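# Results of the structural survey
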Amino acid sequence: MSQSVILLSGGYSHPFHESSPALATLIEGAGWQPQIKESIDEAIASLAEQPALLAVNALHWSMVQHEKYAPDRSEFAYALPDHHMDAIEQYVASGGRLFVQHVGTICFDTQPHWHTVMGGGWTWGRSHHPPMGKISVQLTRAGQALSVGPEHFELLDEAYHNLDPVEDCSVLATCEIDEGPQPVAWVRQFGTGRVAVDALGHDARSINAPGHRELIMAQLEWLKGTDDA
């Protein structure tokens, strides 16, 4: 595979203009060459060139879950076509790498296989998050083994709840507000490929926060490897 990385960015109601460049800087630090793309069609077409990594920091979904989204549906509502989902799944299963940041866990809700590849994610009617605020993040033993950062850190972010990573996920970090520890970062193998999910990272401030930055870098370095999680 090449050293290029496709970073899908953009969508509804998040500061992607700052979070995606911040993530791209970390990807560069891992030795890859990120290309930020806001076109889903272009990003998926690029998978045919076998990039080193597909990173998703974007929010594209059907927006049918609540009428509060109705005014924005004409601009932002999206359903990922089957052939795009097939391309993502085949890319990862055949040895590709996938990194999903924050709202990427909410993306593509009309495609159940997106959850299958991630090994968990946002489920409407079950998942939720308290208002943006200070949260406490604790690395698990697996997270401490990978990250050179502190085993405990605080940051301002949205703490996603009930993302339900499956059993073969290696959970790297949890956060706790009022419902017990919630898995917010994990890695897993899918086919012969690798997947890392970081449900934190609402904005650049979160991505660059001490502790969180090192956790992301640890996930990126794990994605480059070939050993088991």
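Residues numbered from 1 in each chain as written. Predicted model: local features only at pLDDT ≥ 70, side-chain atom pairs only at ≥ 80, totals over all residues. Heavy atoms only, no water.

### Section: the sheet that holds strand S1 (residues 4–11)
Read across the sheet, 9 strands follow the order S2-S1-S3-S4-S9-S8-S7-S5-S6 without closing on themselves; strand pairing throughout is mixed. Strands with a single pairing partner mark the edges of an open sheet, and in this sheet they are strand S2 (33–37) and strand S6 (152–157). When the angles between neighbouring strand axes are averaged without regard to direction, this sheet yields 20°. Relative to strand S9 (residues 193–198), strand S8 (residues 182–190) runs antiparallel, the two sharing 6 bridges. Looking across to S9, one finds that glutamine 189 is bridged to arginine 194. Packing of helix H4 (residues 82–93) onto the sheet brings it into contact with strand S3 (53–59), strand S4 (97–101), S8 and S9, and relative to S9 it is tilted by some 115°. Running over the sheet, helix H8 (residues 212–224) touches S3, S4, strand S5 (133–139), S6, strand S7 (170–175), S8 and S9 and is turned about 170° from S9. (Pairing = 2+ DSSP bridges. Helix = DSSP H or I, 4+ residues; strand = E, 2+ residues; numbered from the N terminus. Axes fitted to C-alpha atoms, helices over the stretch in contact; angles between N-to-C directions. Contact = heavy atoms within 4.5 Å.)

### Looking at the pairing of S9
Burial of S9 is extensive: 6 of the 6 residues sit out of reach of the surface. Side chains Gly193, Val195 and Val197 of S9 all project onto a buried face; the interleaved residues Arg194, Ala196 and Asp198 project onto the opposite face, where all are buried too. Two strands pair when backbone bridges link them, and S4 and S9 are joined in this way by 5 bridges, in the parallel orientation. Its bridge partner lying in S9, leucine 98 is registered against valine 195. Once S8 ends, the chain turns through 2 residues before running back antiparallel as S9, passing glycine 191 with a positive phi of about 60°. (Buried < 20%, exposed > 50% of the residue type's maximum accessible area, 1.4 Å probe, protein only.)

### Quick notes on the state of the cysteines
Counted according to the given criterion, the structure contains 0 disulfides. This cysteine, cysteine 175, is not joined by any disulfide, and cysteine 169 carries the nearest cysteine sulfur, 16 Å off. According to the relative accessible area criterion, cysteine 175 is buried, its value standing at 1%. (Disulfide = S-S within 2.5 Å.)

### Some thoughts on the side chain of histidine 161
Its location among the elements puts histidine 161 in the loop between S6 and S7. Judged by its relative accessible area of 0%, histidine 161 falls in the buried class. Engagement of the side chain of histidine 161 in a polar contact is seen with the backbone oxygen of alanine 159, the distance being 2.8 Å. Ignoring anything within four residues of it in the chain, the contact list for histidine 161 reads Ser127, His128, Pro130, Ile177, Asp178, Glu179 and Gln182. (Polar contact = N/O pair within 3.5 Å; in protein donor to acceptor, adjacent residues only side chain to side chain.)

### A word on the environment of leucine 156
With respect to the helices, strands and loops of the structure, leucine 156 is situated in strand S6. The spatial distance from the C-alpha of leucine 156 to the C-alpha of isoleucine 36 is 25 Å, given a sequence separation of 120 residues. When sequence neighbours within four positions are dropped, the list of residues in contact with leucine 156 reads Met132, Gly133, Lys134, Arg205 and Ser206.

### Here's the deal with the packing of helix H1 (residues 16–29) against H8
Interaxial distance between H1 and H8 falls to 10 Å at its minimum, and their mutual angle equals 50°. When the interaxial angle is binned, H1 and H8 end up oblique. With respect to the hand of their crossing, H1 and H8 are arranged in right-handed fashion. Mapping the contact onto sequence places Leu23, Leu26, Ile27 and Gly29 in H1 and Arg213, Ile216, Met217 and Leu220 in H8. (Parallel < 35°, antiparallel > 145°, perpendicular 65-115°, else oblique. Left-handed = near helix turned anticlockwise from the far one by under 90°.)

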